[in-house]
Amino acid sequence: MTQRTTYEENMAFIDTTVQRLERNEVGIDELETLAREFASARQFCLERITRIESVLQQTLQGDQVQG
């Protein structure tokens, strides 16, 4: 399994995987491994977005208190 450490790397993997699936380029032997990696990449991105949203929410609340 390839180690992807950034949001961009994980999103690129997700995009490429979707394109490959749409073009029927994924064989049955690869599908199980690819599904695990896809789920991992999706979870990584979801967690990153959730953390960013949390920081933004805290920042906006702080601005409202000061304003």
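The structure reproduced in this document is the subject of the present report. (Residues numbered from 1 in each chain as written. Predicted model: local features only at pLDDT ≥ 70, side-chain atom pairs only at ≥ 80, totals over all residues. Heavy atoms only, no water.)

1. Re the overall build of the chain
For step 1, the next point in the chain: Helix and strand counts for the chain come out as two helices and zero strands.
For step 2, the next point in the chain: In terms of overall size, the chain is more extended than a compact globule, its C-alpha atoms giving a radius of gyration of 17 Å where 67 residues would be expected to give roughly 11 Å.
For step 3, the next point in the chain: The principal-axis extent of the C-alpha atoms belonging to the chain is close to 55 × 20 × 15 Å.
For step 4, the next point in the chain: Counting the 67 residues in the chain, one finds 16% classified as buried.
For step 5, the next point in the chain: Intrachain contacts of the chain at a sequence separation of at least 6 include 68% that bridge at least 24 residues.
For step 6, the next point in the chain: Approximately 5,400 Å² of the chain is accessible, and the part contributed by carbon and sulfur atoms is 53%.
For step 7, the next point in the chain: Put simply, the chain has 7 plus and 12 minus side-chain charges, and the middle of one group is 2 Å from the middle of the other. (Helix = DSSP H or I, 4+ residues; strand = E, 2+ residues; numbered from the N terminus. Rg over C-alpha atoms; globule rule 2.2 N^0.38 Å. Buried < 20%, exposed > 50% of the residue type's maximum accessible area, 1.4 Å probe, protein only. Contact = heavy atoms within 4.5 Å. Areas by Shrake-Rupley, 256 points an atom, 1.4 Å probe, with all protein chains shown as cover. Lys, Arg positive; Asp, Glu negative; His and termini not counted. Charge placed at Lys NZ, Arg CZ, Asp CG, Glu CD.)

2. Overview of the packing of aromatic side chains
For step 1, the next point in the chain: Scanning the model with the defined rule gives zero aromatic pairs in all.
For step 2, the next point in the chain: One residue, Arg4, lies across the ring of Phe13, its end atom 3.8 Å from the ring centre. (Phe/Tyr/Trp six-rings, centres within 6.5 Å; stacked < 30°, edge-to-face > 60°. Lys NZ or Arg CZ within 6 Å of the ring centre and 35° of its normal.)

3. Quick look at the pattern of salt bridges
For step 1, the next point in the chain: Scanning the entire structure with this criterion turns up four salt bridges.
For step 2, the next point in the chain: Between Glu37 and Arg4 there is a salt bridge, with the nearest N and O atoms lying 3.4 Å from each other. With a gap of 33 residues between them, Glu37 in helix H2 (residues 28–66) and Arg4 in the segment before helix H1 (7–22) connect regions that are remote in the sequence. Here the two residues Glu37 and Arg4 agree in accessibility, since each one is buried.
For step 3, the next point in the chain: Note that Glu25 is salt-bridged to Arg23, the shortest N-O span being 2.8 Å.
For step 4, the next point in the chain: Look at Glu25 and you get partly exposed, because its relative accessible area is 41%. (Salt bridge = Lys/Arg side-chain N within 4 Å of Asp/Glu carboxyl O.)

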